[in-house]
Amino acid sequence: MTPERKIPERKTPERRSRKARRTRDTLAQAAFELVLDRGLRNVTVEEIAEAADVDRRTFSRYFTSKEAAALDSLRGDGDRINAALRARPAPEPPLLAYRRAVLDWLADPGAEPWHRRPRIFDLLVVAEEEPTLYAAFHHIRVDAQEDSVAIVAERLGVDPRQDIRPAVTVAAGAGALLAAQAAWVRGGRPDALPALVAEAFDALSADLLGEPRPAPERHRVAPEQHRGAPERHRGITSTTRTTRTTSTTEEAEGTEATS
């Protein structure tokens, strides 16, 4: 009697998708840990692939660079904010809905917002210092903001190609979030993010369009500090390069005068 031939089991699309997701997550986690432990410039794509137990070609199927892999865990946060934005009540004004969506994300332990997730604060500190990592993070933000514009346009019942309000709303809200993130990184207090986000959105009030009020005491800076203090945050005008150039010029002139 001829033994029955076994037909090889075929992988279903769902199984292939789960396996691909696991591979991507493993690569992203390896990149995240290596970059934080050793520094971006001391890590290669080959080392990330080896840590994830795959080859270089497999890495390239999922990520275009080590920066994209290291930041992959942040990509889902834009999706979470946008999901919260879709869930906001329809009558809410768009910018208020965006603000509350961000605060909903920050208040949800299940969403693992940045201040609750281990080492995300450290990753964003590194991103402030590494131009290529910062650029990759910018692309992630832009992708999330494009989805936000579509959601706001749907809430308003308008075509975002014809009506500028959705783009303005998202640019203002995303700008407040970016300013809060920058202050968070500079401040060195990982638990302060929700308060900084609320403060940044408060700064978008109509008060900015009217007569300026005196800043709170803790925000005041002496005029001489204003002129000379270098600014570390990328995205806020930096005086560091100008100060260094001026100092170098003065030193050179002094050397010529004494030679």
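Predicted, not measured: the structure shown is a model, and the values here were computed from it.

Criteria and cut-off values
Residues numbered from 1 in each chain as written. Predicted model: local features only at pLDDT ≥ 70, side-chain atom pairs only at ≥ 80, totals over all residues. Heavy atoms only, no water. Helix = DSSP H or I, 4+ residues; strand = E, 2+ residues; numbered from the N terminus. Buried < 20%, exposed > 50% of the residue type's maximum accessible area, 1.4 Å probe, protein only. 1 Å grid on protein atoms, 1.4 Å probe; cavity = no way out; pocket = protein on both sides within 12 Å on 5 of 7 lines; lining within 4 Å. Points joined across faces, edges and corners; volume = space filled by probe spheres on them. Nonpolar A, V, L, I, M, F, W, Y, C, P; charged D, E, K, R; others polar. Contact = heavy atoms within 4.5 Å. Axes fitted to C-alpha atoms, helices over the stretch in contact; angles between N-to-C directions. Parallel < 35°, antiparallel > 145°, perpendicular 65-115°, else oblique. Core = buried A, V, L, I, M, F, W, Y, C linked by side-chain atoms within 4.5 Å. Expected span 1.5 Å × (residues − 1). pLDDT = per-residue confidence, 0-100. Phe/Tyr/Trp six-rings, centres within 6.5 Å; stacked < 30°, edge-to-face > 60°. Lys NZ or Arg CZ within 6 Å of the ring centre and 35° of its normal. Salt bridge = Lys/Arg side-chain N within 4 Å of Asp/Glu carboxyl O.

Draft legend 1. Representation of unusual backbone geometry. Positive phi, close to 65°, is recorded for Asp53, a residue that is not glycine. Along the chain, Asp53 turns up in the loop between helix 2 (45–51) and helix 3 (56–62). According to the relative accessible area criterion, Asp53 is exposed, its value standing at 71%. Of note, Arg119 is a non-glycine position whose phi angle comes to about 75°, a positive value.

Draft legend 2. Representation of empty space enclosed by the protein in the model. By the definition in use, this model includes one cavity of 30 Å³ or more. The volume enclosed by the largest cavity comes to roughly 240 Å³. The wall of the largest cavity is formed by 18 residues, among which Gly78, Ile81, Arg141, Ala144 and Leu177 lie closest to the centre. For the lining of the largest cavity, the secondary-structure elements that each account for two or more residues are helix 5 (72–87), helix 6 (94–107), helix 8 (131–156) and helix 9 (165–187). At six residues, the largest contribution of residues to the lining of the largest cavity is made by helix 8. Taken together, the residues that form the lining of the largest cavity break down as eleven nonpolar, five polar and two charged.

Draft legend 3. A look at the side chain of His115. With respect to the element layout, His115 can be found in the loop between helix 6 and helix 7 (120–129). Setting aside residues no more than four positions away along its own chain, His115 makes contact with Leu106, Trp184, Pro190, Leu193 and Pro194.

Draft legend 4. A look at the packing of helix 7 against helix 9. As a packed pair, helix 7 and helix 9 sit with axes 10 Å apart at the nearest point and diverge in direction by 100°. One element, helix 7, and the other, helix 9, form an angle in the roughly perpendicular class. Seen from helix 7, the contacting residues are Phe121, Leu124, Val125 and Glu128; seen from helix 9, they are Gln181, Trp184 and Val185. Within the contact of helix 7 with helix 9, the residues separate by chemical class into five nonpolar, one polar and one charged.

Draft legend 5. A look at the nonpolar core. In terms of nonpolar packing, the biggest core is built from 55 residues, with Val102 and Trp114 touching the most fellow members. The leading source of residues in this core is helix 1 (residues 13–38), at eight residues. Excluding anything up to four places from it in sequence, Val102 contacts Ile81, Leu177, Val197 and Phe201.

Draft legend 6. Molecular detail of helix 6. The terminal C-alpha atoms of helix 6, which comprises 14 residues, lie 20 Å apart, in line with the 20 Å expected from a rise of 1.5 Å per residue. Looking only at helix 6, the buried set comprises Pro94, Ala97, Tyr98, Ala101, Val102, Trp105 and Leu106. Buried residues in helix 6 make contact with helix 5, helix 8, helix 9 and helix 10 (193–202).

Draft legend 7. Region of the structure containing the confidence of the model for the protein. Chain-level pLDDT for the protein is 83 on average; 75% of the residues reach the 70-or-more range. Confidence drops under a pLDDT of 50 for residues 226–259, and excluding neighbours within four residues, the segment shows 24 contacts in the predicted structure.

Draft legend 8. The arrangement of the packing of aromatic side chains in detail. Taken as a whole and assessed by the stated rule, the structure comprises six aromatic pairs. Between Trp105 and Trp114, the aromatic rings sit 5.3 Å apart at their centres with planes inclined by 90°, giving edge-to-face as the arrangement. Residue Trp114 is classed as buried on the basis of its relative accessible area, which comes to 7%. Taken together through their ring pairs, the aromatic side chains of Trp105, Trp114, Phe121, Phe137 and Trp184 make up a single cluster. It is Arg141 that lies over the ring of Tyr134; its NZ or CZ is 5.7 Å from the centre. Above the ring of Phe137, the side-chain terminus of Arg141 is found at 5.0 Å from the ring centroid.

Draft legend 9. Expanded view of the pattern of salt bridges. As enumerated under the stated definition, the model contains 17 salt bridges in all. Here Arg38 ties to Glu47 by a salt bridge, and the two come within 3.0 Å at their closest N and O atoms. Since its relative accessible area comes to 38%, Arg38 is described here as partly exposed. Where Asp77 meets Arg117, a salt bridge forms, and the shortest distance between an N and an O atom there is 2.6 Å. One end of the pair, Asp77, is in helix 5; the other, Arg117, is in the loop between helix 6 and helix 7, and 40 residues separate them in sequence. An identical accessibility class is assigned to Asp77 and Arg117; each is buried. Each of Arg21, Arg24, Asp25 and Asp72 takes part in one network of salt bridges that share partners.

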